[in-house]
Amino acid sequence: MNTPAPNPAKIIRPPSQWDKSLDRGFIWLTRFFALAIAGILLWIAVQVTIQAAPAIQSSGLGFIFESTWDPVKDQYGVLPQIYGTMVSALIALILAVPIGVGTALLLSENFLPLPIRTVMVFLVELLAAIPSVVYGLWGIFVLIPILKEVGGWLHSQLGWIPFFNTPLAGPGMLPAGVVLAIMILPIITAISRDSLISLPPELRQASLGLGATRWETIFQVLIPAAISGIVGAVMLALGRAMGETMAVTMLIGNANNINISILAPANTIASLLASQFAEASGLQISSLMYAALILFLLTLLVNVLAELIVQKVKRI
Amino acid sequence: MSFSITTTEPQETVFSANDVKVYYGKFLALKGISIDIFKNSVTAFIGPSGCGKSTLLRCFNRLNDLIENFHLEGKIVYHHQNLYDPQVDPVEVRRRIGMVFQKPNPFPKSIYDNVAFGARINGYKGDMDELVEKSLRSAALWDEVKDKLKESGLALSGGQQQRLCIARAIAVQPDAILMDEPCSALDPISTLRVEELIHQLKERYSIIIVTHNMQQASRVADMTAFFNVEPTDKGGRMGYLVEYDRTEVIFQTPKQQATQEYVSGRFG
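Just so it is clear, the model here is predicted, and its values are computed rather than measured.

**Q** Which residues make up helix α4 (residues 128-138) of chain B, and what are the values?
**A** All names here are of chain B. Along α4, the residues classified as buried are Met128, Leu131, Val132, Ser135, Leu136 and Ser138. Projection of α4 onto a plane perpendicular to its axis shows the buried side chains occupying an angular sector of 160°, all on one side. The inward-facing, buried residues of α4 contact α3 (111-121), α5 (142-145), α6 (158-170) and α7 (188-201). Where α4 begins, the side chain of Asp127 points an oxygen toward the backbone nitrogen of Asp129, at a separation of 3.1 Å. One or two positions beyond α4, positive phi appears at Ala140, with a value near 55°.

**Q** Could you give an account of the packing of aromatic side chains, with specific residues and numbers?
**A** All names here are of chain B. Taken as a whole and assessed by the stated rule, the structure comprises 12 aromatic pairs over all chains. Measuring from ring centre to ring centre gives 4.7 Å for Phe107 and Phe117, while their planes differ by 55°; the resulting arrangement is tilted. One end of the pair, Phe107, is in the loop between β6 (97-100) and α3; the other, Phe117, is in helix α3, and 10 residues separate them in sequence. Residue Phe107 shares its accessibility class with Phe117, and that shared class is buried.

**Q** Explain the pattern of salt bridges to me, and be specific about the residues and the numbers.
**A** Here the structure, examined in full by the defined rule, presents 20 salt bridges over all chains. The partner of Asp113 of chain B in a salt bridge is Arg120 of chain B, with the nearest N and O atoms 3.2 Å apart. One salt bridge connects Arg193 of chain B with Glu144 of chain B, and the closest N-O pair in it is separated by 3.3 Å. Separated by 49 residues along the polypeptide, Arg193 of chain B in helix α7 and Glu144 of chain B in helix α5 bring together distant segments of the chain. Given the relative accessible area of 33%, Arg193 of chain B is considered partly exposed. By sharing partners, the salt bridges in this structure join Glu216 of chain A together with Glu92, Arg95 and Arg96 of chain B into a single network.

**Q** Before we move on, can you summarise the state of the cysteines with the specific residues and values?
**A** Enumeration according to the criterion identifies zero disulfides over all chains in this entry. Free cysteine Cys51 of chain B: the closest other cysteine sulfur is in Cys59 of chain B, separated by 13 Å.

**Q** Give a description of the nonpolar core that names residues and reports values.
**A** One finds Phe15, Ile35, Phe45, Phe60 and Ile76 of chain B to be the most contacted residues of the largest nonpolar core, which totals 124 residues. With 13 residues, the top contributor of residues to this core is helix α6 (residues 173-197) of chain A. What Phe45 of chain B contacts, discounting residues up to four positions off in sequence, is Ile35, Ile37, Lys53, Leu56, Leu57, Phe60, Ile208, Ile209, Val210, Thr211, Ala225 and Phe227 of chain B. In this structure, Ile46, Ala171, Ile198 and Ile209 of chain B belong to the second largest nonpolar core, which totals 46 residues.

**Q** Go over the interface of chain A and chain B, please, and point to the residues and values.
**A** Listed by partner, the interface residues are 19 residues for chain A and 24 residues for chain B. Buried area between chain A and chain B, both sides added, is near 1900 Å², and the carbon and sulfur share of it is 65%. Inspection of the chain A/chain B interface yields two salt bridges. Residue Glu202 of chain A pairs with Lys103 of chain B through a salt bridge whose shortest N-O separation is 3.9 Å. Counting the contacts that link chain A with chain B gives four residue pairs in polar contact (both at pLDDT 80 or more). At the level of secondary structure, the elements contributing two or more residues to the side of chain A that touches chain B comprise α7 (201-209) and α8 (214-225) of chain A. Here the side of chain A that touches chain B takes seven residues from α7 of chain A, the largest share from any one element.

Cut-offs used in this document
Residues numbered from 1 in each chain as written. Chains lettered and ligands numbered in written order. Predicted model: local features only at pLDDT ≥ 70, side-chain atom pairs only at ≥ 80, totals over all residues. Heavy atoms only, no water. Buried < 20%, exposed > 50% of the residue type's maximum accessible area, 1.4 Å probe, protein only. Helix = DSSP H or I, 4+ residues; strand = E, 2+ residues; numbered from the N terminus. Arc of directions from axis to C-beta. Contact = heavy atoms within 4.5 Å. Polar contact = N/O pair within 3.5 Å; in protein donor to acceptor, adjacent residues only side chain to side chain. Phe/Tyr/Trp six-rings, centres within 6.5 Å; stacked < 30°, edge-to-face > 60°. Salt bridge = Lys/Arg side-chain N within 4 Å of Asp/Glu carboxyl O. Disulfide = S-S within 2.5 Å. Core = buried A, V, L, I, M, F, W, Y, C linked by side-chain atoms within 4.5 Å. Buried area = accessible area lost by both parts, 1.4 Å probe.

Okay, structure coming up:
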């Protein structure tokens, strides 16, 4: 060996004061950002609660079970809006889950040539980029005239089913639900597709190697393996559907009563807030804040539930 | 090309490949392979990377059908039936010819459901508990997992996962098992257990094993086929069968110089 051995003392270099303060500064910066996000959430919750305090004092828990919304007599209850929020979101899920998961399957398998799939993925993502007011306008001028025909047929043929016992006059629960379905479709499709294509290819080969058909492979191996992602997508979509405001306000009819027929006008909490806030005063503002708090808690509940379901299905 | 195999007694063949050529698109990946695989024996495919041994293995259960552009010429006869006859249903082929992969790939299901999966989709009518136990026993895994059949197959160690995959393949009651470098992701002790298992399994099944490990081939295989690769004039690589004979002949007195050089570790 001709080369001299490297001087071992050279590997010892204590971090300078500058290095140390840079490291510490970075730690505190990231800590601040992380805490700021939690802080904002907490701050909103506290502010909404403070503003809602007069309504909470005057109505109490009865607010949730009361059906009148009468600013003249200062009587407020949001049961119809809670019902409308849940039912419109449910209609949206019933329509969007099969279509969304089906689309995700088509886009993750090789049923179509890759260039066509790439274009379709892009188009689905574009659906998410349409502003919600545009969905509302489209709903009024295109969807409602079509749904009037469908709703008329449903009422005349299946009117004995309580869900169809009124005719569709114009705005109503069904148009709002259908537009919500279109709006949440990109979420369900994109996240489900991501979890399907991230499955290891060995899984598919293992299934086919055992003599499973493609059908059996998709439904008994791939979907169960990706189920936590798919459930997560559905729950995220549910949260979005419950909180969606503009398009729903334009399409649901803003009727503050409960009607079992999905062809009748209804209202959601988010839509109530949007339509009433501008002209509200006094206890009405406070009651709207109370309604906002309830929507906040409802979406929180849905998200916690989603997390629990995802944890449960992930265990196997 | 034909090979004069130095066998002592005539053996029954399971697969008989006849001038098999594999193309990906226009590129010839394997040229003119003819080989007979014998019943109740272990056949090892060895050779340097890219020589097409895994490709050929996957021709035997038509798993290559999944690759776009894949195209095969020639015949692979399995019990007097050409596997590549247009009338043949690849799903039925794969039900009879099991496969174990390089990386252990249990389903994200319970141990029990992993083993039962193949039998269920094949409409198995018998006692499922019994079949699961029998398959896990055959894969030398039963004693380790009998108390946790409901737990996820992914919670097992790598070696156990691979034996679970073997149990899963056995549960379909195939008559041949293809193994694609089944020990390359395992530690030496797990490898030894899988090799012991292969020894036991050949009493009932015909096994083809692709391996990079020449000691493994000499330990487990009755017959060994050596493949090599040569560059084509279009810049691609093409695999071909160099020599096929009893394992001790391949490792001790090979007829081809390339085989001699490969088994003595001079290239590959």
